Amino acid sequence: MLLQDPENIFNEKIDQEVKIEPKDWMPETYRKTNIRQISQHAHSEIVGMLPEGAWITRAPSLKRKAILIAKVQDEAGHGLYLYSATETLGITREQTINDLHSGKAKYSSIFNYPTLTWADIGAIGWLVDGAAILNQVMLTRTSYGPYARAMVRICKEESFHQRQGFEILLTLSNGTADQKAMCQDAINRWWWPSLMMFGPKDSESTNSDQSMKWKIKRKTNDELRQNFVDMCAEQVKVLGMKLPDEKLKWNPDTKHYDWGEINWDEFWDVVKGNGPCNKERIGARKKAWEDGAWVREAAAVYAEKRKKKLQVA
Ligand SMILES: [Fe+2]
Ligand SMILES: [Fe+2]
(Lines give C-alpha, C1' and ligand atoms only; values in the text may rest on other atoms or scores of the structure.)
(Ligands and ions follow the chains in the order given, each with its own letter.)
Protein backbone atom coordinates (compact mmCIF):
# COMPACT_ATOMS: atom_id res chain seq x y z
CA MET A 1 0.00 0.00 0.00
CA LEU A 2 1.24 3.46 -0.83
CA LEU A 3 1.64 5.80 2.11
CA GLN A 4 -0.12 9.05 1.38
CA ASP A 5 1.97 12.18 1.45
CA PRO A 6 0.96 14.29 4.51
CA GLU A 7 0.99 17.44 2.43
CA ASN A 8 -1.56 15.91 0.04
CA ILE A 9 -3.78 14.94 2.95
CA PHE A 10 -3.54 18.49 4.27
CA ASN A 11 -4.38 20.02 0.88
CA GLU A 12 -7.29 17.65 0.40
CA LYS A 13 -8.73 18.65 3.77
CA ILE A 14 -8.46 22.33 2.87
CA ASP A 15 -10.18 21.65 -0.49
CA GLN A 16 -12.98 19.65 1.08
CA GLU A 17 -13.62 22.08 3.93
CA VAL A 18 -12.44 19.61 6.60
CA LYS A 19 -10.98 21.52 9.56
CA ILE A 20 -7.29 21.19 10.40
CA GLU A 21 -6.90 20.00 13.99
CA PRO A 22 -3.95 20.45 16.42
CA LYS A 23 -2.46 16.97 15.94
CA ASP A 24 -2.80 16.95 12.14
CA TRP A 25 0.24 17.43 9.97
CA MET A 26 0.42 20.99 8.66
CA PRO A 27 2.99 23.02 6.72
CA GLU A 28 5.27 24.97 9.05
CA THR A 29 4.20 28.27 7.45
CA TYR A 30 0.53 27.41 8.05
CA ARG A 31 1.33 26.83 11.73
CA LYS A 32 3.33 30.06 11.96
CA THR A 33 0.68 32.12 10.17
CA ASN A 34 -1.97 30.84 12.56
CA ILE A 35 0.22 31.46 15.62
CA ARG A 36 0.81 35.02 14.43
CA GLN A 37 -2.81 35.70 13.58
CA ILE A 38 -4.49 34.04 16.59
CA SER A 39 -2.05 35.46 19.14
CA GLN A 40 -2.37 38.91 17.58
CA HIS A 41 -6.12 38.53 17.91
CA ALA A 42 -5.77 37.44 21.57
CA HIS A 43 -3.56 40.44 22.34
CA SER A 44 -6.10 42.75 20.70
CA GLU A 45 -8.88 41.46 22.95
CA ILE A 46 -6.80 42.00 26.08
CA VAL A 47 -5.31 45.38 25.12
CA GLY A 48 -8.78 46.41 23.96
CA MET A 49 -9.98 46.20 27.55
CA LEU A 50 -7.79 49.19 28.49
CA PRO A 51 -9.39 52.16 26.68
CA GLU A 52 -12.87 51.06 27.79
CA GLY A 53 -11.82 49.99 31.27
CA ALA A 54 -10.80 53.61 31.82
CA TRP A 55 -14.51 54.56 31.69
CA ILE A 56 -15.93 51.99 34.12
CA THR A 57 -15.66 54.37 37.09
CA ARG A 58 -16.97 57.29 35.02
CA ALA A 59 -19.95 55.66 33.28
CA PRO A 60 -22.95 57.98 33.68
CA SER A 61 -25.28 55.57 35.52
CA LEU A 62 -25.25 52.30 37.42
CA LYS A 63 -26.91 50.57 34.46
CA ARG A 64 -24.23 51.82 32.04
CA LYS A 65 -21.54 50.78 34.51
CA ALA A 66 -22.92 47.25 34.77
CA ILE A 67 -23.17 46.91 30.99
CA LEU A 68 -19.64 48.22 30.45
CA ILE A 69 -18.18 45.91 33.10
CA ALA A 70 -19.88 42.94 31.39
CA LYS A 71 -18.53 44.02 28.02
CA VAL A 72 -14.94 44.47 29.21
CA GLN A 73 -15.15 41.12 30.98
CA ASP A 74 -16.33 39.48 27.73
CA GLU A 75 -13.20 40.79 26.03
CA ALA A 76 -11.03 39.13 28.71
CA GLY A 77 -12.88 35.86 27.96
CA HIS A 78 -12.22 36.28 24.24
CA GLY A 79 -8.54 36.75 25.00
CA LEU A 80 -8.50 33.54 27.04
CA TYR A 81 -10.17 31.38 24.36
CA LEU A 82 -7.72 32.73 21.81
CA TYR A 83 -4.60 32.28 23.94
CA SER A 84 -5.73 28.67 24.46
CA ALA A 85 -6.27 28.22 20.72
CA THR A 86 -2.74 29.57 20.13
CA GLU A 87 -1.31 27.06 22.60
CA THR A 88 -2.73 24.16 20.57
CA LEU A 89 -0.21 25.13 17.86
CA GLY A 90 2.72 24.32 20.14
CA ILE A 91 3.67 27.68 21.62
CA THR A 92 3.37 28.45 25.34
CA ARG A 93 1.29 31.28 26.70
CA GLU A 94 4.42 32.81 28.28
CA GLN A 95 6.13 32.97 24.88
CA THR A 96 3.09 34.55 23.29
CA ILE A 97 2.84 37.18 26.01
CA ASN A 98 6.60 37.87 25.95
CA ASP A 99 6.29 38.60 22.24
CA LEU A 100 3.59 41.16 23.00
CA HIS A 101 5.68 42.82 25.69
CA SER A 102 8.84 42.93 23.56
CA GLY A 103 6.95 44.51 20.67
CA LYS A 104 7.56 41.51 18.37
CA ALA A 105 3.84 40.67 18.25
CA LYS A 106 1.30 43.28 17.25
CA TYR A 107 -2.24 43.96 18.38
CA SER A 108 -4.95 45.95 16.66
CA SER A 109 -3.73 49.53 16.28
CA ILE A 110 -7.18 50.92 17.05
CA PHE A 111 -6.50 50.51 20.78
CA ASN A 112 -3.66 53.02 20.60
CA TYR A 113 -6.18 55.83 20.37
CA PRO A 114 -7.44 57.49 23.57
CA THR A 115 -11.03 57.49 24.90
CA LEU A 116 -11.65 61.17 25.60
CA THR A 117 -15.40 61.29 26.35
CA TRP A 118 -18.26 58.96 27.26
CA ALA A 119 -19.39 59.07 23.63
CA ASP A 120 -16.15 57.26 22.73
CA ILE A 121 -17.48 54.19 24.52
CA GLY A 122 -20.49 54.30 22.21
CA ALA A 123 -18.33 54.84 19.13
CA ILE A 124 -16.04 51.94 20.08
CA GLY A 125 -18.99 49.57 20.49
CA TRP A 126 -20.63 50.63 17.26
CA LEU A 127 -17.57 51.02 15.03
CA VAL A 128 -14.72 49.01 16.57
CA ASP A 129 -16.78 46.02 17.66
CA GLY A 130 -18.75 46.40 14.42
CA ALA A 131 -15.59 46.14 12.33
CA ALA A 132 -14.41 43.23 14.47
CA ILE A 133 -17.67 41.36 13.86
CA LEU A 134 -17.30 41.44 10.07
CA ASN A 135 -13.83 39.99 10.39
CA GLN A 136 -14.84 37.45 13.01
CA VAL A 137 -17.96 36.18 11.28
CA MET A 138 -15.68 35.30 8.38
CA LEU A 139 -13.32 33.56 10.83
CA THR A 140 -16.03 31.17 12.10
CA ARG A 141 -15.28 29.39 8.80
CA THR A 142 -11.49 29.59 9.02
CA SER A 143 -9.66 26.34 8.29
CA TYR A 144 -8.00 25.85 11.70
CA GLY A 145 -10.56 24.07 13.92
CA PRO A 146 -9.83 25.54 17.39
CA TYR A 147 -9.81 29.09 15.98
CA ALA A 148 -13.07 28.60 14.07
CA ARG A 149 -14.85 27.17 17.13
CA ALA A 150 -13.64 29.96 19.45
CA MET A 151 -15.08 32.46 16.97
CA VAL A 152 -18.61 31.07 17.11
CA ARG A 153 -19.06 32.04 20.74
CA ILE A 154 -17.11 35.26 20.43
CA CYS A 155 -19.34 36.47 17.58
CA LYS A 156 -22.49 36.13 19.68
CA GLU A 157 -21.00 38.37 22.34
CA GLU A 158 -19.65 40.85 19.81
CA SER A 159 -23.10 41.54 18.44
CA PHE A 160 -24.23 42.48 21.97
CA HIS A 161 -21.20 44.81 22.17
CA GLN A 162 -22.07 46.51 18.94
CA ARG A 163 -25.68 47.07 19.96
CA GLN A 164 -24.74 48.49 23.36
CA GLY A 165 -22.41 50.96 21.60
CA PHE A 166 -25.02 51.99 19.09
CA GLU A 167 -27.54 52.46 21.86
CA ILE A 168 -25.21 54.79 23.77
CA LEU A 169 -24.83 56.92 20.64
CA LEU A 170 -28.55 56.82 19.92
CA THR A 171 -29.29 58.13 23.42
CA LEU A 172 -26.75 60.94 23.01
CA SER A 173 -28.05 61.79 19.55
CA ASN A 174 -31.49 62.38 21.06
CA GLY A 175 -30.08 64.50 23.87
CA THR A 176 -29.00 68.12 24.34
CA ALA A 177 -26.98 70.10 21.80
CA ASP A 178 -23.82 69.35 23.80
CA GLN A 179 -24.57 65.63 23.83
CA LYS A 180 -25.21 65.64 20.09
CA ALA A 181 -21.91 67.44 19.50
CA MET A 182 -20.11 64.94 21.72
CA CYS A 183 -21.63 62.08 19.71
CA GLN A 184 -20.55 63.58 16.37
CA ASP A 185 -17.07 64.33 17.69
CA ALA A 186 -16.56 60.71 18.79
CA ILE A 187 -17.72 59.42 15.38
CA ASN A 188 -15.33 61.86 13.68
CA ARG A 189 -12.36 60.61 15.69
CA TRP A 190 -13.12 56.88 15.50
CA TRP A 191 -14.30 56.52 11.90
CA TRP A 192 -10.97 56.50 10.06
CA PRO A 193 -9.07 54.39 12.61
CA SER A 194 -11.95 51.84 12.38
CA LEU A 195 -11.45 51.58 8.62
CA MET A 196 -7.75 50.97 9.26
CA MET A 197 -8.69 47.91 11.36
CA PHE A 198 -9.13 45.87 8.17
CA GLY A 199 -5.41 46.21 7.50
CA PRO A 200 -3.45 47.39 4.48
CA LYS A 201 -4.96 47.50 0.99
CA ASP A 202 -5.04 44.17 -0.81
CA SER A 203 -2.35 45.41 -3.17
CA GLU A 204 -0.02 46.00 -0.18
CA SER A 205 -1.00 43.10 2.03
CA THR A 206 1.84 40.58 2.12
CA ASN A 207 0.03 37.81 4.00
CA SER A 208 -3.29 37.86 2.17
CA ASP A 209 -2.75 35.58 -0.84
CA GLN A 210 -1.50 32.53 0.99
CA SER A 211 -4.07 32.99 3.78
CA MET A 212 -6.87 32.99 1.20
CA LYS A 213 -5.50 29.80 -0.40
CA TRP A 214 -5.35 28.05 2.97
CA LYS A 215 -8.81 29.37 3.80
CA ILE A 216 -7.50 31.04 6.94
CA LYS A 217 -9.16 34.14 5.47
CA ARG A 218 -12.27 34.02 3.29
CA LYS A 219 -12.53 37.64 2.26
CA THR A 220 -9.86 40.20 1.47
CA ASN A 221 -9.15 43.33 3.54
CA ASP A 222 -10.69 45.57 0.88
CA GLU A 223 -13.86 43.47 0.55
CA LEU A 224 -14.46 43.50 4.31
CA ARG A 225 -13.72 47.21 4.51
CA GLN A 226 -16.25 47.95 1.76
CA ASN A 227 -18.89 45.84 3.56
CA PHE A 228 -18.24 47.89 6.68
CA VAL A 229 -18.58 51.25 4.89
CA ASP A 230 -21.86 50.12 3.28
CA MET A 231 -23.24 49.04 6.64
CA CYS A 232 -22.22 52.14 8.63
CA ALA A 233 -23.27 54.61 5.93
CA GLU A 234 -26.84 53.38 6.47
CA GLN A 235 -26.71 53.03 10.27
CA VAL A 236 -25.35 56.56 10.77
CA LYS A 237 -28.58 57.92 9.26
CA VAL A 238 -30.54 56.42 12.17
CA LEU A 239 -28.33 58.43 14.51
CA GLY A 240 -28.90 61.60 12.51
CA MET A 241 -25.11 62.01 12.44
CA LYS A 242 -22.54 62.14 9.63
CA LEU A 243 -19.48 60.05 8.80
CA PRO A 244 -16.49 62.40 8.40
CA ASP A 245 -15.94 61.71 4.70
CA GLU A 246 -16.83 64.27 2.03
CA LYS A 247 -16.52 61.65 -0.69
CA LEU A 248 -19.01 59.21 0.82
CA LYS A 249 -21.72 58.65 -1.78
CA TRP A 250 -23.98 55.80 -2.91
CA ASN A 251 -22.94 54.44 -6.28
CA PRO A 252 -25.93 52.87 -8.09
CA ASP A 253 -23.67 51.14 -10.63
CA THR A 254 -21.49 49.26 -8.16
CA LYS A 255 -24.30 49.01 -5.57
CA HIS A 256 -21.77 50.13 -2.96
CA TYR A 257 -20.80 53.39 -1.32
CA ASP A 258 -17.86 55.26 -2.82
CA TRP A 259 -15.68 56.82 -0.19
CA GLY A 260 -12.44 58.76 0.43
CA GLU A 261 -8.88 57.73 1.13
CA ILE A 262 -7.37 56.40 4.36
CA ASN A 263 -4.35 58.29 5.68
CA TRP A 264 -1.88 55.41 5.26
CA ASP A 265 1.00 57.40 6.76
CA GLU A 266 -0.95 57.58 10.00
CA PHE A 267 -1.78 53.87 9.76
CA TRP A 268 1.88 52.80 9.41
CA ASP A 269 3.00 55.28 12.02
CA VAL A 270 0.65 53.79 14.63
CA VAL A 271 1.58 50.22 13.60
CA LYS A 272 5.25 51.12 14.14
CA GLY A 273 4.51 52.18 17.71
CA ASN A 274 4.06 55.93 17.39
CA GLY A 275 0.32 56.19 18.04
CA PRO A 276 -1.01 58.38 20.85
CA CYS A 277 -1.17 55.54 23.43
CA ASN A 278 1.17 52.72 22.27
CA LYS A 279 3.61 53.11 25.18
CA GLU A 280 0.85 53.50 27.76
CA ARG A 281 -0.94 50.32 26.57
CA ILE A 282 2.15 48.10 26.60
CA GLY A 283 3.20 49.64 29.92
CA ALA A 284 -0.19 48.69 31.44
CA ARG A 285 0.06 45.11 30.12
CA LYS A 286 3.59 44.64 31.48
CA LYS A 287 2.57 46.00 34.86
CA ALA A 288 -0.41 43.63 35.00
CA TRP A 289 1.86 40.68 34.14
CA GLU A 290 4.38 41.63 36.85
CA ASP A 291 1.70 42.36 39.46
CA GLY A 292 0.13 38.98 38.72
CA ALA A 293 3.33 36.98 39.26
CA TRP A 294 2.32 35.91 42.79
CA VAL A 295 -1.03 34.61 41.52
CA ARG A 296 0.69 32.44 38.89
CA GLU A 297 3.16 31.13 41.48
CA ALA A 298 0.43 30.36 44.01
CA ALA A 299 -1.69 28.61 41.36
CA ALA A 300 1.27 26.47 40.27
CA VAL A 301 2.08 25.44 43.86
CA TYR A 302 -1.58 24.64 44.52
CA ALA A 303 -1.80 22.51 41.37
CA GLU A 304 1.34 20.62 42.40
CA LYS A 305 -0.07 19.96 45.91
CA ARG A 306 -3.34 18.67 44.48
CA LYS A 307 -1.48 16.33 42.14
CA LYS A 308 0.48 14.86 45.08
CA LYS A 309 -2.69 14.47 47.15
CA LEU A 310 -4.39 12.59 44.31
CA GLN A 311 -1.36 10.32 43.90
CA VAL A 312 -1.44 9.40 47.59
CA ALA A 313 -5.20 8.76 47.51
FE1 LIG B 1 -13.94 40.69 21.67
FE1 LIG C 1 -16.21 43.22 21.66
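See the structure above.
Keep in mind that this is a model prediction, so the values were computed, not measured.

### What about the coordination of the iron ion (ligand 1)?
Part 1 of the reasoning: Taken together, the protein ligands of the iron ion (ligand 1) are Glu45 (OE), Glu75 (OE), His78 (ND1) and Glu158 (OE), with distances of 2.0 to 2.2 Å.
Part 2 of the reasoning: The site at the iron ion (ligand 1) holds 4 donor atoms, and with the angles between them running 84 to 149 degrees, its shape is irregular.
Part 3 of the reasoning: Mapped onto the sequence, the residues coordinating the iron ion (ligand 1) show the spacing E-x29-E-x2-H-x79-E.
Part 4 of the reasoning: In this structure, the iron ion (ligand 1) is positioned 3.4 Å from the iron ion (ligand 2), and both are ligated by Glu75. Within this pair, whereas Glu45 is found in helix H2 (residues 28–47), its partner Glu158 is found in helix H7 (residues 145–173), the two being separated by 113 residues in sequence. Neither Glu45 nor Glu158 differs from the other in exposure class; each is buried.

### Quick look at the coordination of the iron ion (ligand 2)
Part 1 of the reasoning: The coordination sphere of the iron ion (ligand 2) contains the protein donors Glu75 (OE), Asp129 (OD), Glu158 (OE) and His161 (ND1), at a distance range of 2.0 to 2.2 Å.
Part 2 of the reasoning: What the 4 donor atoms of the iron ion (ligand 2) show is an angle range of 87 to 162 degrees at the metal, which sorts the shape as irregular.
Part 3 of the reasoning: Expressed as a motif, the donor residue spacing for the iron ion (ligand 2) is E-x53-D-x28-E-x2-H.

### Quick notes on the pattern of salt bridges
Part 1 of the reasoning: A complete count under the given rule lists 18 salt bridges for this structure.
Part 2 of the reasoning: We note a salt bridge from Lys13 to Asp24, for which the minimum N-O separation is 3.2 Å. Here Lys13 is found in helix H1 (residues 6–15), whereas its partner Asp24 is found in the loop between H1 and H2, with 11 residues between them in sequence.
Part 3 of the reasoning: In this structure Lys13 comes out as partly exposed when scored by relative accessible area, which is 22%.
Part 4 of the reasoning: On the basis of relative accessibility, which here comes to 22%, the residue Asp24 falls in the partly exposed class.
Part 5 of the reasoning: As a salt-bridge pair, Lys237 and Glu234 come within 3.2 Å of each other at their nearest N and O atoms. Taken as a pair, Lys237 and Glu234 lie in helix H10 (residues 221–239) at a separation of 3 residues, close to a single helical turn.
Part 6 of the reasoning: Taken together, the shared-partner salt bridges connect Glu52, Lys71, Glu75 and Asp129 into one network.

### Quick notes on the packing of H2 against helix H4 (residues 62–87)
Part 1 of the reasoning: Relative orientation of the contacting elements H2 and H4 amounts to 160 degrees, with a least axis distance of 8 Å. Viewed along their axes, H2 and H4 adopt a mutual orientation that is roughly antiparallel. The hand of the H2/H4 crossing is left-handed. Each of Ile35, Ile38, Ser39, His41, Ala42, His43, Glu45 and Ile46 in H2 lies in contact with H4, whose residues at this interface are Glu75, Ala76, His78, Gly79, Leu82, Tyr83, Ala85 and Thr86.
Part 2 of the reasoning: For the contact of H2 with H4, the class distribution of residues is 8 nonpolar, 6 polar and 2 charged.

### Remarks on H10
Part 1 of the reasoning: In this model, H10 (19 residues) spans 27 Å end to end at C-alpha, consistent with the 27 Å of a helix rising 1.5 Å per residue.
Part 2 of the reasoning: For H10, the complete set of buried residues consists of Asn221, Leu224, Arg225, Gln226, Phe228, Val229, Asp230, Cys232, Ala233, Val236 and Leu239.
Part 3 of the reasoning: As for H10, its buried residues are in contact with helix H6 (118–139), H7, helix H8 (177–196), helix H9 (208–213), strand E2 (256–258) and helix H11 (264–274).
Part 4 of the reasoning: One or two positions beyond H10, positive phi appears at Gly240, with a value near 65 degrees.

### Remarks on unusual backbone geometry
Part 1 of the reasoning: Located in the positive-phi region is Glu17, a residue other than glycine, with phi close to 65 degrees.
Part 2 of the reasoning: By secondary structure assignment, the location of Glu17 is in the loop between H1 and H2.
Part 3 of the reasoning: The backbone of Lys215 sits at a positive phi, close to 60 degrees, despite the residue not being glycine.
Part 4 of the reasoning: The residue Lys215 is located in the loop between H9 and H10 in this model.

### Side note on H11
Part 1 of the reasoning: Buried within H11 are the following residues: Trp264, Phe267 and Val270. Buried residues of H11 fall within an arc of 125 degrees about the axis and therefore sit on the same side. Summarising the geometry of H11, the exposed residues directed more than 90 degrees from the buried face are Asp265 and Lys272.
Part 2 of the reasoning: Taken together, the buried residues of H11 touch H8, H10 and helix H12 (278–291).
Part 3 of the reasoning: N-cap assignment for H11: the residue whose side-chain oxygen lies 3.2 Å from the backbone N of Asp265 is Asn263.

### Points about the packing of helix H5 (residues 93–102) against H12
Part 1 of the reasoning: As a packed pair, H5 and H12 sit with axes 10 Å apart at the nearest point and diverge in direction by 145 degrees. In this structure, H5 crosses over H12, and the sense of that crossing is left-handed. The segment H5 lies against H12, with Glu94, Ile97, Leu100 and His101 engaging Ile282, Arg285, Lys286 and Trp289.
Part 2 of the reasoning: Here the contact of H5 with H12 is built from residues that sort into 4 nonpolar, 1 polar and 3 charged.

### Considering the state of the cysteines
Part 1 of the reasoning: Inspection of the entire model under this criterion finds 0 disulfides.
Part 2 of the reasoning: Of all cysteine sulfurs, the one in Cys232 lies closest to Cys155, which takes part in no disulfide; the gap is 16 Å.
Part 3 of the reasoning: For Cys232, which is in no disulfide, the shortest distance to another cysteine sulfur is to Cys183 and amounts to 13 Å.

Here is what the cut-offs are and how they apply
Residues numbered from 1 in each chain as written. Chains lettered and ligands numbered in written order. Predicted model: local features only at pLDDT ≥ 70, side-chain atom pairs only at ≥ 80, totals over all residues. Heavy atoms only, no water. Donors = N, O, S within 2.8 Å, 3.2 Å for Na, K, Ca; no water. Tetrahedral: all angles 85-135°; square planar, octahedral: opposite > 155°, others 65-115°. Helix = DSSP H or I, 4+ residues; strand = E, 2+ residues; numbered from the N terminus. Buried < 20%, exposed > 50% of the residue type's maximum accessible area, 1.4 Å probe, protein only. Salt bridge = Lys/Arg side-chain N within 4 Å of Asp/Glu carboxyl O. Axes fitted to C-alpha atoms, helices over the stretch in contact; angles between N-to-C directions. Parallel < 35°, antiparallel > 145°, perpendicular 65-115°, else oblique. Left-handed = near helix turned anticlockwise from the far one by under 90°. Contact = heavy atoms within 4.5 Å. Nonpolar A, V, L, I, M, F, W, Y, C, P; charged D, E, K, R; others polar. Expected span 1.5 Å × (residues − 1). Arc of directions from axis to C-beta. Polar contact = N/O pair within 3.5 Å; in protein donor to acceptor, adjacent residues only side chain to side chain. Disulfide = S-S within 2.5 Å.

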